[in-house]
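# Tertiary structure, described
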Amino acid sequence: MSNLQKALESGKFAITAEMAPPKGVDFSHQMSVVEQLRGKVEACNVTDYQSSSLKASSLGLCIMIKQAGMEPVLQMTGRDRSRMAIQGDFMDAAAFGIENILALTGDHPTVGDCPESKPVYDLDSVGILRAAVQLMEGHDCGGNELVGNPPYYYLGASVTPVYEPVELQLIKMKKKIDAGAKFFQTQGVYEAEPMKPFMELAEKYGVYLMAGIIPLKTAAMAKYMSNNVPGIRVPQDQIDRLNAAKNNGLPEGFDPKDKDVKKKQSKNQEEEGIVMAAEFLAEIKEKGLAHGAHIMAIGAEENVPKILEKAGF
Amino acid sequence: MIITKSKKLEDVLDSLKGAKKVLITGCAECSTVSRTGGENEVKAMADTLTANGFEVVGTMVCEIGCNKNNVKKELKQFKDTPYDAVLVMSCGDGVQTMAGNVDVPVYPASDTMFLGEVERVTLFSQACKMCGDCVLGRTAGVCPITKCAKSLVNGPCGGAKNGKCETNPDVDCAWILIYNRLKKFGQLDKLEVSNDDKGHKINLYPATINLKEEKANE
Ligand code: SF4
Ligand code: SF4
């Protein structure tokens, strides 16, 4: 049984941290991040060509993480692989001792950096979950029996709480539960309220909900994400708070074009973003609005330990 | 309706290189509506080819460009006219129907885009990907295979923003349309049913359907 499963099932507020493989073959940065996270998170959750941007695969980094004695969550999208390729990768994962799987539909290739790539979508997120369950039952997608002991997986999926109509997301969440999902992580959320119906559904069916937390880096990023990224809504008061923190510690009459001033302004906002993420994490935990959290630091994974510490973990 | 788009003229001229006597054909059905191979387009193409030094030996707009026997009959009018190439201004099916009826090279003047509907005279929208296993009865008449950019069968991805698809802010998310219509009809229970992953054996290609044989096998 994976750490993640153990933590969630024992009632511990479980934490996972997301990271992306490199666009290239040098994994050293990712592995140094893994070291910083060791002992602080249940698992490192590795993206699968996130935002349809081509990188090294999730499976490769997951294997490396596993071999370094940390626990990975393998993200698997339907964008690039047929059902055969997905089940083959799942078998590889199990052979390397990887149990946690997060099944996702996957962003469309046209939103990424290899837009001519074929959108496969042989299976959607529900189908990917079923494909893993088939293997656990000892057969493949063609109904052929596997040789030897069947693999074991701890299956997860995603939900988008800030969505109109939200009922549509809840119906799909239920389908994912029926298909075998045991844990859910949400798209990045900045308000507690939208979590509620998803938490209710999770509790009703005995599955676990992990709140997605994307620490904000600057007011501009917050505004951009809120306006452009599906499922993300950052309330104006949080954007204002980042703006208010921007000039902390700068002398009066500073030159806004100065390089060092700009750096300080970014740093100030990033630090405020860390505090805000920590406060939100603590709030979610205290209000019982999730069973854990999934922190997506988007390239600033070194901040994850700081957020956890500030949130009192 | 099969929606076609005219190829660039330079590409058409390039493909015809080496040909001298050219027969130009169009189609009175889809290609006429698509404005790629009706009377007007065929005539304009004849003028263009003539201006570019080709000898246009004849033109015709087939009644149904994808009906083999029909086209065969229509071609009889040219049985004494020598030609060394046919430029076909219709869908890829029409081009191949022509190829099956003549012993000279055929060249397409159009690119075949999709099976769709005519929203208004000059606006066409894709409607069916001919998946071989129609699910419209479960999706309130909105095709998730065609109108959802990922052909999802079990509801939406998380990518819609303001009701629009993640791939194009001008296009409605098909699953939100499906939800709204099912809700209106009091059929939201259809959305709660988990659909099987779509199999791909059903629409293997190249495919043929032989009604006589099917009947005999019934
Ligand atoms: S489900 Fe869509 S693609 Fe398939 S036959 Fe019906 S309309 Fe065509
Ligand atoms: S946003 Fe809607 S239409 Fe677009 S890919 Fe996702 S589910 Fe399909």
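Right above here is the structure, for reference.
Once that is clear, we can look at the overall build of chain A. Within chain A one finds 11 helices and eight strands. Relative to the compact-globule value of 20 Å for 313 residues, chain A shows a C-alpha radius of gyration of 20 Å, a close match. Every one of the 313 residues in chain A was classed for burial, and the buried ones make up 55%. In chain A, once contacts between residues fewer than 6 apart in sequence are set aside, the share between residues at least 24 apart is 76%. Carbon together with sulfur atoms contributes 51% to the accessible area of chain A, which is approximately 13500 Å² in total.

This part covers the site of ligand 1. Lining the immediate surroundings of ligand 1 are Cys128(B), Lys129(B), Met130(B), Cys131(B), Cys134(B), Val135(B), Leu136(B), Cys143(B), Ile145(B) and Thr146(B). Classifying every residue of the shell around ligand 1 gives eight nonpolar, one polar and one charged.

Turning to the interface of chain A and chain B, a few remarks are in order. Taken together, the 32 residues of chain A in the interface contact 30 residues of chain B. Here chain A and chain B share an interface that buries about 2300 Å² over both sides, 52% of which is from carbon and sulfur atoms. Summed over the shared surface of chain A and chain B, the number is one salt bridge. Arg130(A) is the partner of Asp197(B) in a salt bridge, and the nearest nitrogen-oxygen pair spans 2.9 Å. Remark: the boundary between chain A and chain B carries 17 residue pairs in polar contact (both at pLDDT 80 or more). Counting residues per element, the ones that place at least two in the side of chain A that touches chain B are helix 5 (125–136), helix 6 (166–179) and helix 8 (219–228) of chain A. In terms of residue count, the dominant contributor to the side of chain A that touches chain B is helix 6 of chain A (six residues). Residue composition of the side of chain A that touches chain B, by class: 12 nonpolar, 11 polar and nine charged.

Parameters and conventions
Residues numbered from 1 in each chain as written. Chains lettered and ligands numbered in written order. Predicted model: local features only at pLDDT ≥ 70, side-chain atom pairs only at ≥ 80, totals over all residues. Heavy atoms only, no water. Helix = DSSP H or I, 4+ residues; strand = E, 2+ residues; numbered from the N terminus. Rg over C-alpha atoms; globule rule 2.2 N^0.38 Å. Buried < 20%, exposed > 50% of the residue type's maximum accessible area, 1.4 Å probe, protein only. Contact = heavy atoms within 4.5 Å. Areas by Shrake-Rupley, 256 points an atom, 1.4 Å probe, with all protein chains shown as cover. Near = heavy atom within 4 Å. Nonpolar A, V, L, I, M, F, W, Y, C, P; charged D, E, K, R; others polar. Buried area = accessible area lost by both parts, 1.4 Å probe. Salt bridge = Lys/Arg side-chain N within 4 Å of Asp/Glu carboxyl O. Polar contact = N/O pair within 3.5 Å; in protein donor to acceptor, adjacent residues only side chain to side chain.

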